[in-house]
Each structure stands twice: as C-alpha cells, then as structure tokens.
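Read off the chains here:
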Amino acid sequence: MQSRYGVFPTSVDDSDKEDSLSNFIVRKAAVLGAGVMGAQIAAHLANAEVPVVLFDLPAREGDPNGIVNKAIDALRKLEPSPLATKDRVSYIDAANYSQHLEQLKDCDLIIEAIAEKMAWKDDLYRQISPFVAPNAIIASNTSGLSINRLSEALPAALRSRFCGIHFFNPPRYMHLVELIATRSTDPALLDNLESWLVSRLGKGIVRALDTPNFVANRVGVFSMLAVMHHTQRLGLGFDVVDALTGPIIGRPKSATYRTADVVGLDTLAHVVKTMQDTLPEDPWHACYSVPDWLAALIGKGALGQKTRCGIFRKDGRTIKVLDLASQDYRESAGDIDPTVLAILKNRHPAEKFAQLRASEHPQAQFLWAIFRDIFHYAAFHLADIADNARDLDFAMRWGFGWSQGPFESWQAAGWREIAEAVKADIDADRAMSPAPLPSWVFGRVADAGVHGPQGSYSASTDTYRPRSALPVYQRQIFPERVLGEKAASGQTIWENDGVRLWTLPQVDAGIAIVSVKSRNHTLGREVIVGLQEAVARAEAEFKGLVLWHEAPFAFGANLKEVAEAIAGGEFELLEQYVGEFQNASMCLKYAQVPVVAAVQGMALGGGCEFLMHAAKRVIALESYIGLVEAGVGLIPAGGGCKEFAIRAAQQAAKTGGNDPFEFIQPVFMTIAMATVSKSGAQAKELGFAVESDKIVFNANELLYAALREARGLAEAGYAPRLSPRAIKVAGRTGIANCEMMLANMKEGGMISAHDHVVAKAAATALCGGDIETGSVVDEPWLLSVERKLFVELLKNPKTQQRIQHMLETGKPLRN
C-alpha cells in the first residue's frame, strides 16, 4: 500500500487509480443503534445502493423490532429528507440484538452509533464479536470517546479492523467524516475505507487523532464557548451575536445560538462535559463548562428545537429570543451597528481585522475577541488534534459550515500581523490567555502562513504535508482547496462574455469543456450564442464536449434581460431570444459529438432544459433540478415541453397505446407546480434525467466522471439521435383533461387565477397545441407552440408582475 501522502498523476486513462476502490467492496452494512444518527447513516448507505440492517434493542412490548421500525418510519417524514428517493427506505431492514445478530455475518461494514456511554458500547462490542465476519470492518460513530479505549472491548483478533468513523449530522448533507485509527488499526484497511467513503458516500475525510472530541467538535465547541463568554462579558444580546456570527463572517445562517438550539442544548452540554472530564491538563480546562444561564435552560427542559424552546422560541410567526437581563423572551431583532457593518464589508482581511481590534464598539471588540481566541486555540492544539493545518481547516469548513478555516482566515489577514496582535493581547492580560502562542507560529512568518504550494504545515512533525496520494483523489480534478493552494486552469480554446471553451490536456486533450461564466450561471444571450459556437468548435476539433462548471449548474434565463425587453415593448426581440434559446438546446441534442452535462446544485428552468437535451447526464447527488418557470408566470420554452411531448409519444408507442396523455399527466403536474427534485436521483423519477444517467455522490468527482462518460461514448462510435418525424400528441382532449385537474385545484384554493392561465399554457405545449387528439407533428412544430405561448404570457401584466417581484425579492409572487 503506497503512502497516503505524495504527488500523483491525473490522467483519465490511468487505470491504476481505481484499484483501491475495486479491491474494497461493501455488499451489505449494519448500523447498530437506531437513534437520530444511526437511522440517518443507514439511510445514506441505502442512498448509495448498500443494503443495510439497522439494529436496536428489542421493544419491551409488541413487535420486537418496534424501536427500529419507528425509526425507519421517521426517516420518511424528516425534512430535509435523509433519503435521496422514497424507495431507498425499502433497503433498510429492521433487526434487534436479541434475535438477529447472525445477520452480522453477512455484513462487510458494521457501524456502531449507540449512545455515548462507554459501558454500553463495551457491552455491545462483546455481544457482537462472535458474529463479525472475518474481513468485516467495525467502526464507532462516537463523537468524542477514545477509540483506543473502545477497542479494548473487542477480542484482539478484531482490533486491527476497528476504527472511529465520525459522521456529522445530518449525514447525507454534511460533507465531513472524521476517521480515527487506534494503535492497532490496519493502515491499509483505513486507506480502503477512506477511499470508499470519499467516492461511494461522497464524503470529505479528515484523519483525526484519538483525542477528546477529535478535530471539528474540539475546535467548534471551543469556538461556541468563546462566543458565549464574550457575549456575556460585553453585554450583547443572543440575537445580535447571531447576526454577527452568521454569513457576514462566513459562517452558516444558524450562526451560534441558533446552531446550539438545533443541535440540542443538552447535547452541547454533554460534549462540553466530555472535554471537561477528559482534558484536565488542557490550559483552557476552566473554559470547558456551560454558562449558568444555559444550565438553567437545560434544567427547565428548554433544550432547543426538539422541545420548541431554548435560546430562541417561536410564538406563532414571531421569533423570540431569551433576554438574560429580564430572564424572559423578547422579539428577536439582531441589528448590527452600522459602523461595525462597514468594517465587516471591507474586502481586505488585513484592514478588517485591524479595524475590529482598534474599534471601541462592543460588537467590534466581540468579533476581534472570538477570532483571536480561536486563532490562539487552534495554533496551540494543532499538534495534539490534527496531522496538519489543512485537516483542521477542512474539518471546520465541512463539519461546521465555515467558509474558511481558522488558519485560512489568519493567513488571509497577514500571518505576521495577526500573530503579533494575538501575542500582544496575551502579554497584556495573562489571566485572559492561559497559554502562550507556540513557537512554531513565528517560524511560519517567512512562509506567510501554514498553507502553500508545498502543502500544509504539520506542527507535530515540523514539516509541510502534501495532499493525500490515495488513488481515489485522482478522481478529483478540482478538489476543494485551502488558501494558498493553486488550482489548474486548463487551456482556453475560445471564449466570449458568456462561456469559455477549454481543455485539460493533462487529463484528456480530446474532450473539450464548456463552462458558463455569468453570475449564478444565468442563461443570457451571450451564453446562448456562446454555447452554439462551443458545440460547433467541439464538432470540428474534439471527440466530445462536457458542459461543466461549479454549482449552481444554471438558474435559467436572465430575467433582468427579459424584464428590460418587456419594459421596452420589444416582444419580437423576445421571440427571437426564445428562438435562439431553442436553437441552443437543439444544438446540444444533435451535436455530432457526444455532449455530456455535468450537473451539481441548482439546475432550474432553462438550465434543466439544457441538461435534458444533452446526450448524457452525470449528476451530483445533491442536485436540485426542475422546470420552475411557472413561478414567474411562464412555461418551459427552451425545448422542455417539447422533450416531454416526444417522450410521452414514444412511451405510448412502446406500450401499444395510442394516447400519450397518461404519460403527460404526471409531467404536467410537475411543471404546473414548479416541482424541483430533492436529489439527483429523484430527478430521474421526475423525468428530468433518465435511468441510465450516472449519479455521483462526491461532487468533486463530477468532471472526472463526465469526461470519462464523453470519452466512452466517443470510443463507442457515438452518432447523434435522429429527429423524430412522427410525434403523436394528446391535443385538445389532453388539454381538456389537464383543465379538469386545474378546475379542481382552483376550487380547492390550491392555485390562483393566473396559475390557471399559466398551467393551461403548459398543458397546451405538452399536448402539442390546440389541435385534434392523435395528430402527428414534428419537433419544429412543438418548438413553435412553446415559443408562441411563452411570448403571449410575457405580454400578460400578471406575468410581468411576477418577473419584477422575483427580480426585486428573489421570491415567487402568488397573484
């Protein structure tokens, strides 16, 4: 097994890169513990096509599997859903420890996720040991207990196959998994498990050291405790602090106190208690306790979101926040002082931090204090908890949703300047700072920080660590990077203001890539024209074309351009614009080389239509795809309705029927209600993708997979599809059937009068126009129907109101 660290090639044709995946197979898994985390880990395994046995204690009454069955039922109701598609739940089998331990013998991976009580885990490990298969991996999802200590409950023969595997909640959506080895863990096993988690489950792996709470929780919980300390010290409201510690500083919307409520105040207190009990020698040990007010809330049973009352409380539609001075709840406001806001909007990190430190405003003092404390803490403990600075920064980005890790923020603001400022604060108040900055901090001044081209600094070895050389990472052509790392830019072939056509010669010089350059990848005229030129050049010079850029895939048409044309009464120009859009879709569909759409994030409206016209789609699991034009009073007119009309006719012909309406009906409801898929997998169910399209769990592998797909199609002798010439449509009867559904929805108050108008237009486009049922038409006819209906809706004042409202608020208008 090669070293985990080193330099590796990135050629798509390198067959060795898949070895670590092909040699490690999880045919079936078991999850021990059907609590919140255990059940959702099981759900994500099922998402990845891994059958799961979910275990828990036998129920005291009724069905012995009652506890597990209740947990499985709960998975169906959770939002956001842990299940990529509803049918995934059928791959989770219920079991209990009294009756079904024999089933463990068929499992290649066993994940323990029971309560954080060492004695309980010890007992369970002794119970399952006789039933573990010879080559199975056993892993604990503990969030902070010692992995070495847990391994002692296993027979010596199993300890080499035991490790920690710490998922973050919710497991489907949180990118981070911390892997923790014991003194006995087989290194090759850990490499194989990491590779499998990265590619099969789509995770970002940090190798944590076996220290209490590992990396992300250790740093993240300290950060929360520091926030709580300085909140009280400076007399700030919890709502104000959440405004200060949210997106404005690159943290999640839930900020600090809302995050505490979501996690559960009792859960947070438990994690803090673990640090208090297990870190007696830590210089910050005195900080590892929850404040009195938090303990009081827990004592009252106000545990946060799960009890509907914690630091915040919702009264009807009003959000209220606990006020410490009055010991009561008041309306949440959370206003940032204008002078502090101006500092935070400064785009120069060095200036920003200097201004925060110099300001006398309590909000600015608070922000400097929490950053200073986390810089100090992360630097002091780097050698103890993580292999290198990159791992610590990624842990905070992937596990806590920070836009930058602490070392990245420090380095961006000037390594020397921040180090000197932190040292000055320490020297000025020794009581405030229980430890000095480690000497290695000032040794990094010459390098301007801990991240650079040579890798990221490891305090424990006093070296720079390159990225992992595990073959699985060769699939990530553009991996997530830390500050100081440079990404490959590729070789530009051609570009305009809308798109860039380029290649990666070191990966596959024969497949071109086209990327949209506009903000949010909206599809304005420059993009539409640019895509057609890119396809023409790909046909002339390359073997295939991949449509790829970072998320979002596309937010649809450029509504600003559309609104300006409406205001000028330029409806002929708008019809030409729609015609060009349709030409771009048809250009993708009938290109002489395979066009593969690599999709991640939002693919809405025209973005969805473009991917529908590609020869093949490679879709990241976390993709949200839909024809949402109804939200702005329009219908799909980039070929979306046309494609569904064609598919309905083809399905009807395959089943021996003459009426395509039964295939139109579900699509009509999807378009009328502007339904968006909740995963890439669900996009297949809604018809935006087809069954043969590939779902990629790790979005960082998307481009690699798409290039392979395009290359495979080209090598197989790709030829474009022929345009269908005889498309039988549902016509007037189909439109009438749709109108009957709309009448019921309108009577039930589900849609407005204008919703009815828009939905009827969609029905007309899907059914081939207001013509006789069973009429035979061609693609140009269907496109002309779409185009004319679209332009007529643009002339409708209510549609114009919807477009303007969307531009002004970012939200749909119901009128």
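Just so you know, these numbers come straight off a predicted model, no measurement behind them.

Calculation rules
Residues numbered from 1 in each chain as written. Predicted model: local features only at pLDDT ≥ 70, side-chain atom pairs only at ≥ 80, totals over all residues. Heavy atoms only, no water. Helix = DSSP H or I, 4+ residues; strand = E, 2+ residues; numbered from the N terminus. Expected span 1.5 Å × (residues − 1). Buried < 20%, exposed > 50% of the residue type's maximum accessible area, 1.4 Å probe, protein only. Core = buried A, V, L, I, M, F, W, Y, C linked by side-chain atoms within 4.5 Å. Contact = heavy atoms within 4.5 Å. Pairing = 2+ DSSP bridges. 1 Å grid on protein atoms, 1.4 Å probe; cavity = no way out; pocket = protein on both sides within 12 Å on 5 of 7 lines; lining within 4 Å. Points joined across faces, edges and corners; volume = space filled by probe spheres on them. Polar contact = N/O pair within 3.5 Å; in protein donor to acceptor, adjacent residues only side chain to side chain. Phe/Tyr/Trp six-rings, centres within 6.5 Å; stacked < 30°, edge-to-face > 60°. Lys NZ or Arg CZ within 6 Å of the ring centre and 35° of its normal. Patch = residues over 30% accessible without salt bridge, like charges linked within 9 Å, V, L, I, M, F, W, Y side chains within 5 Å. Areas by Shrake-Rupley, 256 points an atom, 1.4 Å probe, with all protein chains shown as cover. Salt bridge = Lys/Arg side-chain N within 4 Å of Asp/Glu carboxyl O. Lys, Arg positive; Asp, Glu negative; His and termini not counted. Charge placed at Lys NZ, Arg CZ, Asp CG, Glu CD. Axes fitted to C-alpha atoms, helices over the stretch in contact; angles between N-to-C directions. Parallel < 35°, antiparallel > 145°, perpendicular 65-115°, else oblique. Left-handed = near helix turned anticlockwise from the far one by under 90°. Nonpolar A, V, L, I, M, F, W, Y, C, P; charged D, E, K, R; others polar. pLDDT = per-residue confidence, 0-100.

S.K.: What should I look at first to understand helix H22 (residues 571-589) in this one?
M.R.: The periodicity of an α-helix, 3.6 residues per turn, causes residues three or four positions apart to be oriented the same way. If you check H22, its first and last C-alpha atoms are 27 Å apart, about what 19 residues at 1.5 Å a residue would give, namely 27 Å. Inspection of H22 places Phe571, Leu574, Tyr577, Val578, Gly579, Phe581, Gln582, Ala584, Ser585, Met586, Leu588 and Lys589 among the buried residues, and these make up the whole buried set.

S.K.: Is there a simple way to explain the nonpolar core in this structure?
M.R.: Here is a general trend for soluble globular proteins: nonpolar side chains tend to be buried in one another's company. Of all hydrophobic cores here, the largest spans 131 residues; its most connected members are Leu45, Leu197 and Phe668. Sequence-distant contacts of Leu197, defined by excluding residues within four places in its chain, comprise Ile165, Phe167, Val177, Leu179, Gly202, Lys203 and Ile205. The next biggest cluster of nonpolar side chains, apart from the first, holds 116 residues, and it includes Val215, Leu234, Leu344 and Trp402.

S.K.: Explanation requested: the pairing of strand E15 (residues 491-495) in the structure shown.
M.R.: In summary, the side chains of a regular strand alternate between the two faces of the sheet. Pairing analysis gives four bridges linking E15 to strand E16 (residues 499-504), with the strands arranged antiparallel. In the strand pairing of E16, Trp494 is matched with Leu501. Between E15 and E16, which pair antiparallel one after the other, the connecting turn spans three residues.

S.K.: I'm lost on empty space enclosed by the protein in this one. Help?
M.R.: A water-sized probe rolled over the atoms picks out the places where empty space is left. For the structure shown, the criterion picks out three cavities of 30 Å³ or more. Put simply, the largest cavity is a space of about 50 Å³. Trp293, Ala296, Leu297, Lys300, Leu322, Leu324 and Gln327 are the residues that line the largest cavity. By residue number, the principal contributor to the lining of the largest cavity is helix H11 (residues 292-299), which donates three residues.

S.K.: I keep staring at the side chain of Thr245 and nothing clicks. Help me out?
M.R.: Relative to the elements of secondary structure, Thr245 occurs in the loop between helix H8 (238-244) and helix H9 (257-263). One polar contact links the side chain of Thr245 to the main-chain carbonyl oxygen of Val241, over a distance of 2.8 Å. Among residues more than four places away in sequence, those in contact with Thr245 are Arg251, Pro252, Ala255, Thr256, Phe366 and Ile370.

S.K.: In this structure, what is going on with the packing of aromatic side chains? I would like to understand it.
M.R.: Geometry of an aromatic ring pair is reported as the spacing of the ring centres plus the angle between the planes. Scanning all chains against the criterion turns up 29 aromatic pairs. On the numbers, 5.0 Å between centres and 90 degrees between planes, the contact of Phe353 with Phe371 is edge-to-face. With Phe353 in helix H13 (residues 349-358) and Phe371 in helix H14 (residues 362-385), the pair connects residues that are 18 residues apart, well separated along the chain. With 5.6 Å between their ring centres and 65 degrees between their planes, Tyr457 and Tyr464 make a pair best called edge-to-face. An identical accessibility class is assigned to Tyr457 and Tyr464; each is buried. Stacked on the ring of Trp120, the Lys or Arg Lys117 has its end atom at 5.5 Å from the ring centre. Over the ring of Tyr457 we find Arg444, and its NZ or CZ is 4.1 Å from the ring centre.

S.K.: Explanation requested: a negative patch on the surface in the structure shown.
M.R.: A cluster of acidic side chains, namely Asp497, Glu526, Glu561 and Glu564, defines a negative patch on the protein surface. With respect to the secondary-structure elements, Glu561 resides in helix H21 (residues 559-567).

S.K.: Looking at this structure, I do not really get unusual backbone geometry. What am I missing?
M.R.: Of all residues except glycine, most have a negative phi; of all peptide bonds, most are trans. For the bond running from Glu79 to Pro80, omega is -5 degrees, close enough to zero to count as cis. Topologically, Pro80 is positioned in the loop between helix H3 (66-77) and strand E3 (92-96). Cis geometry is adopted by the peptide bond preceding Pro170, which originates at Asn169 and carries an omega value of 0 degrees. When you line up the elements, Pro170 lands in the loop between strand E6 (162-167) and strand E7 (176-181). Although it is not a glycine, Asn213 adopts a positive phi angle of roughly 65 degrees. On the secondary structure map, Asn213 appears in the loop between strand E8 (204-208) and helix H7 (216-234). Backbone geometry at His521 places phi at a positive 55 degrees, although glycine is not the residue there. On the accessibility criterion, His521 (11% relative accessible area) is buried.

S.K.: Quick question: what am I supposed to make of the environment of Ala763 here?
M.R.: Its place among the elements puts Ala763 in helix H29 (residues 753-766). Taking the C-alpha atoms as reference points, Ala763 and Trp402, 361 residues apart in sequence, are found 45 Å from one another.

S.K.: What's the story with the packing of helix H24 (residues 640-654) against helix H30 (residues 779-794) in this structure? I'm lost.
M.R.: Helices that pack against each other are described as a pair by the angle of their axes relative to one another and the distance between those axes. Between H24 and H30, the least distance of the axes is 8 Å, while the angle of their chain directions is 135 degrees. In terms of axis orientation, H24 runs oblique to H30. The interaxial crossing formed by H24 with H30 has right-handed handedness. Residues Gly640, Cys641, Lys642, Glu643, Ala645 and Ile646 of H24 lie in contact with H30, whose contacting residues are Glu779, Leu782, Leu783 and Glu786. Classifying every residue of the contact of H24 with H30 gives five nonpolar, one polar and four charged.

S.K.: Mind showing me how you'd approach the pairing of E16 here?
M.R.: In terms of burial, E16 is largely enclosed, as six of its six residues are buried. Side chains Val499, Leu501 and Thr503 project from E16 onto one buried face, and the interleaved Arg500, Trp502 and Leu504 project onto a second face that is buried too. Two strands pair when backbone bridges link them, and E16 and strand E17 (residues 509-516) are joined in this way by four bridges, in the antiparallel orientation. Within E17, the residue paired with Leu501 across the bridge is Val514.

S.K.: Sorry if this is basic, but what is going on with the pattern of salt bridges here?
M.R.: Proximity of charged atoms lets side chains of opposite charge pair with each other. Scanning the model with the defined rule gives 45 salt bridges in all. Between Arg88 and Glu49 there is a salt bridge, with the nearest N and O atoms lying 3.0 Å from each other. Here Arg88, found in the loop between H3 and E3, pairs with Glu49, found in the loop between helix H2 (36-47) and strand E2 (52-56); they are 39 residues apart in sequence, far enough to count as distant. Note on Glu49: relative accessible area 51%, which makes it exposed.

S.K.: Is there a simple way to explain the sheet that holds strand E21 (residues 694-696) in this structure?
M.R.: Sheet strands associate in pairs through backbone hydrogen bonding, adopting either a parallel or an antiparallel arrangement. Read from one edge to the other, the open sheet built from seven strands follows the order E15-E16-E17-E18-E19-E20-E21, with strand pairing classed as mixed. The sheet terminates laterally at E15 and E21, the two strands that pair on one side only. For this sheet, the mean angle separating the axes of adjacent strands, direction not counted, is 25 degrees. Two strands pair when backbone bridges link them, and strand E20 (residues 616-626) and E21 are joined in this way by three bridges, in the parallel orientation. Its bridge partner lying in E21, Ile619 is registered against Ile695.

S.K.: Help me out: how do you make sense of the confidence of the model for the protein chain in this one?
M.R.: Detailed conclusions should not be drawn from predicted coordinates in areas where pLDDT is low. In this model, the protein chain carries an average pLDDT of 95, and 97% of its residues clear a pLDDT of 70 or more. The low-confidence segment residues 13-22 (pLDDT under 50) makes 22 contacts with residues lying over four places distant or belonging to another chain.

S.K.: Just checking my understanding: could you explain the sheet that holds strand E4 (residues 109-112) for this structure?
M.R.: The sheet built from eight strands is open, its strands ordered E3-E2-E1-E4-E5-E6-E7-E8 with mixed pairing. In this open sheet, the two strands that pair with only one neighbour each are E3 and E8. Put simply, the sheet's adjacent strands are angled 25 degrees from each other on average, direction ignored. Running over the sheet, H2 touches strand E1 (29-32), E2, E3, E4 and E6 and is turned about 170 degrees from E2. In the packing of H3 onto the sheet, contacts are made with E2 and E3, and the angle to E3 comes to roughly 155 degrees.

S.K.: I would appreciate a short explanation of the environment of Thr764 in the present structure.
M.R.: Note that Thr764 resides in helix H29. Taking the C-alpha atoms as reference points, Thr764 and Gly264, 500 residues apart in sequence, are found 51 Å from one another. In contact with Thr764, other than residues within four places in its own chain, are Ile735, Gly769, Asp770, Val785 and Leu789. A polar atom in the side chain of Thr764 sits 2.8 Å from the backbone oxygen of Lys760.

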